[in-house]
Every structure is written in structure tokens, then in C-alpha cells.
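# Fold and contact review
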Amino acid sequence: MDTRQLRYFVSIVDCGSMGKAAEKLYVAQPSLSQQMSRLEDELDTRLLIRSRQGVVPTAAGQSLYRHSRLVLRQMEELKQEVREGGITESGTVAVGLPTTMASILAMPLFTRIQERFPRIRLQFFESMSGFISELLANERIDLAILFRDCDTLGVTALPVLEEQLYVFGEPGGTVSEFAQTCTLAQLGGVKLVAPGVSNGLRLLLERVFARENVELNIVADIDSLPTLISIAQAGAACTILPVSALAQREVSRRPKVRRIVSPEFKRPASVCWSSATPMSSATSAVCQTMVDLIHELSTQGEWPGITLLDPTMSHARVTTHRSEDAELFRRFAYVR
């Protein structure tokens, strides 16, 4: 077994196809298949399941995939550290950001890392939180922001903020056109669109509505942030999201937003990483930079609708850096 075989194997799993991996690696497909057969013979176990739909790893293959990524990353860091004369903050760091947060955090994080750690190469993965969580569990990314407030099996969580949730669109009924808040009870039976059942926000909606004995009327499962907002803006249904989801949307194309009260509707968010492998110095630098930026953006009023948490406390202490509702609505809500 050599690093070339490991690199080939990782690429096949990432691509989910022998043909796509061969194109990416600039290797003839028969040669790639032959290398994998030799690897399976050497380990005396089947690593890949091939079908018309593509290639997926077996349980043994998943184990080899995790270890291979770690070995290849350590080899890359070793080469770069020697090449850079011992400078440790170098290498590739893959970061997963939920779509609602990428619009706020991605650009400042890119800029800050370029300024302070020019030898770190960032990779951004932007998607719904469920997919980001899956990438982290499979160790395909190094860091992620996930909507949780404690460690889970294989994942370490550093709580950094609580995110206020809002109803986007016009619920009608007893909700005044000019109201800036909306009770959870007023959303009973209101037509809502939301992410699919595997998404963390969807699970939170179901749990909170059930706990408060309020009817949850989800009429469509939509795993697309722009589509969720467009439906709310068009008045076809409402949706529930953080106000940061509107950060890069033109003012004229923003739906009305109202803060949900009685009870307030919040979700925690943490910077997370795999606890199965040691964190590199480059990953540690990016992690600290993310935490610093979140605090800066909140205290400077650039990230409204969140409450900061003190990650140094065993029980997260809430700080008071949150914009007032009037300022939030002035900057982010389109009022007709």
C-alpha cells in the first residue's frame, strides 16, 4: 500500500464514480480499477461496491477512507511545513457553512485568513445544515457551523451564538400588517414551506410546534434557501428562518419579517470539528478566526438577530450584543 493508492481510493469515494475519478486524476480507468483490485487483494477485503449507479465504499472502505484522508493530509502538511521553513499555519482547511450563515461569514473569513494566514488555503462548502453535518461526520471537512450546543458522538462543539428565528411573509389572520412580532400561536394552521425532514431546522419546527400544541401546516419541503424566500416574498406561503438569510438579497425582493415571540424561537449554533482526529495548527487558526469574526460582526451590528455565547464557560453565558428590533427591521426587512 502506498500514498498513490490511497489518493486514488479517496478520489473514487469523493467522486462516486470510477470514470469521474479517472478524469480528475488523469489516469486511465482500467489502470485505476487495477490499482483498486491490488489494494483489495493486499488488505484481503472488499473496499468498493460497484453498480450502474456508481461506486460506494463498504464498511471496511469507509474506515480506509477516513484513515486515508488523515494520512494524505498529514503528508501534505509535512511537505508544506518543510517547504515553508517550519511555518505551521499552512495547508488546506475545509469549512462547511449553512447557507444562511455563508452570506454573512464567508467573505469576511476569506479576507481575514488571506490577511493573517496567507499560506492557508480555504475550501468552502455551502449547503443546508443536514448535508454539512454529513460532510463533517464523514471527515470530508475540517470545520463546520452546526445548529447544536453540545458535543455529539465523534464531534466536538464550541457554542458561539443563539440565532433568533423569524416568520417571513404574511401570515394574515390576527397579525397586523405593521406588526414587528408574531406569536407562535398566530402561526397555527398558517401555510408554511420548510426544508426537508432530515434538516435540523425542520426538526426544530416540529418539536417546538408540538411542544406548544400549535398546528404545524407545512405544505411543501424545499431544500433551497432562495426558493423559500421567494415563496414568502410572493405571498404564496410563509417560512421560518433567521434574518441573516436576507443579507445578500435586494431590498425590493425581501419579504416582510416578524420576530416570533411567546415563546421566542431560537436555535443554538456551534463551531464543530471531528474529535476522532487531531486538529492541525492551520485548522486551529481558522477556528479561532471564525469565533473572533462572529463576535466582531455581532458587536459591530453587521450580524443582527443573534445572541453571542461565551465559549469559555462550561455553561454558555449569554452576552448582550444584539441589535434592537427597530434597527434590525430598518436594515433587513422590506416594509411596504
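Predicted model only: the values in this text are computed from it and were never measured.

### Quick notes on the environment of Leu135
As for its placement among the helices and strands, Leu135 is situated in helix 6 (residues 129–137). Since its relative accessible area comes to 4%, Leu135 is described here as buried. Spatially, the C-alpha atom of Leu135 lies 9.9 Å from that of Val95, the residues being 40 residues apart in sequence. With sequence-adjacent residues up to four places away left out, Leu135 is seen in contact with Phe125, Arg140 and Ile141.

### Re unusual backbone geometry
Going from Ser262 to Pro263, the amide bond is cis rather than trans, its omega being 0°. Relative to the helices and strands, Pro263 is located in the loop between strand 11 (257–261) and strand 12 (266–274). Backbone geometry places Glu139, a non-glycine residue, at a positive phi of 60°. Note that Glu139 resides in the loop between helix 6 and strand 5 (143–146). Classification of Glu139 by relative accessible area gives buried; the value is 13%.

### A word on the packing of helix 2 (residues 18–25) against helix 3 (residues 29–43)
Between two packed helices, both the angle of their axes relative to each other and the distance between the axes serve to describe the pair. Remark: helix 2 packs on helix 3, axes separated minimally by 9 Å, with the N-to-C direction vectors making an angle of 105°. Overall, the two elements helix 2 and helix 3 adopt an arrangement that is roughly perpendicular. Facing Met18, Gly19, Ala21, Ala22 and Leu25 of helix 2, the residues of helix 3 in contact are Gln29, Leu32, Ser33 and Met36. For the contact of helix 2 with helix 3, the class distribution of residues is six nonpolar, three polar and no charged.

### A short note on the nonpolar core
Counting residues in each nonpolar core, the largest one holds 34 residues, and the members touching the most others are Phe168, Leu184, Leu187, Phe209, Ile240, Leu241 and Phe265. Take this core: its biggest share by element is five residues, from helix 7 (residues 200–211). When sequence neighbours within four positions are dropped, the list of residues in contact with Leu241 reads Gln164, Leu165, Tyr166, Phe168, Leu201, Leu225, Leu228 and Ile229. Ranked by size, the runner-up nonpolar core spans 31 residues in total, among them Val95, Ile104, Cys287 and Ile294.

### Quick word on the state of the cysteines
Tallied over the full model, the rule gives zero disulfides. Free cysteine: Cys287, not disulfide-bonded; nearest cysteine sulfur from Cys272 at 9.4 Å. The buried category is assigned to Cys287, whose relative accessible area is 7%.

### So, the pattern of salt bridges
Summed over the entire model, instances satisfying the criterion amount to nine salt bridges. Asp14 is the partner of Arg140 in a salt bridge, and the nearest nitrogen-oxygen pair spans 3.4 Å. Residue Arg140 is located in the loop between helix 6 and strand 5, and its partner Asp14 is located in helix 1 (residues 3–15); the two are separated by 126 residues in the primary sequence. With relative accessibility at 28%, the residue Arg140 sits in the partly exposed group. Asp14 sits in the partly exposed class, given a relative accessible area of 25%. With a shortest N-O distance of 3.0 Å, Glu206 and Arg202 are connected by a salt bridge. Here Glu206 pairs with Arg202, and both are found in helix 7, just four residues apart, close to one helical turn. For Glu206, a relative accessible area of 34% translates into the label partly exposed. Salt bridges here are not isolated pairs; linked through shared partners, they connect Arg202, Glu206 and Asp221.

### Topic: the side chain of Arg259
When you line up the elements, Arg259 lands in strand 11. Note on Arg259: relative accessible area 15%, which makes it buried. Separated by 2.8 Å, the side chains of Arg259 and Glu264 make a polar contact.

### Brief notes about the pairing of strand 8 (residues 191–194)
Relative to strand 9 (residues 217–221), strand 8 is paired through four bridges, and the arrangement is parallel. Paired with Lys191 across the two strands is Asn217, which belongs to strand 9. Of the crossover connections in this fold, the one passing from strand 8 over helix 7 to the parallel strand 9 is right-handed.

### Overview of the side chain of Arg258
Structurally, Arg258 can be placed in strand 11. A polar contact is formed between the side chain of Arg258 and the backbone oxygen of Ala179, at a distance of 3.2 Å.

Criteria and cut-off values
Residues numbered from 1 in each chain as written. Predicted model: local features only at pLDDT ≥ 70, side-chain atom pairs only at ≥ 80, totals over all residues. Heavy atoms only, no water. Helix = DSSP H or I, 4+ residues; strand = E, 2+ residues; numbered from the N terminus. Buried < 20%, exposed > 50% of the residue type's maximum accessible area, 1.4 Å probe, protein only. Contact = heavy atoms within 4.5 Å. Axes fitted to C-alpha atoms, helices over the stretch in contact; angles between N-to-C directions. Parallel < 35°, antiparallel > 145°, perpendicular 65-115°, else oblique. Nonpolar A, V, L, I, M, F, W, Y, C, P; charged D, E, K, R; others polar. Core = buried A, V, L, I, M, F, W, Y, C linked by side-chain atoms within 4.5 Å. Disulfide = S-S within 2.5 Å. Salt bridge = Lys/Arg side-chain N within 4 Å of Asp/Glu carboxyl O. Polar contact = N/O pair within 3.5 Å; in protein donor to acceptor, adjacent residues only side chain to side chain. Pairing = 2+ DSSP bridges. Right-handed = clockwise from strand over helix to strand, strands pointing away.

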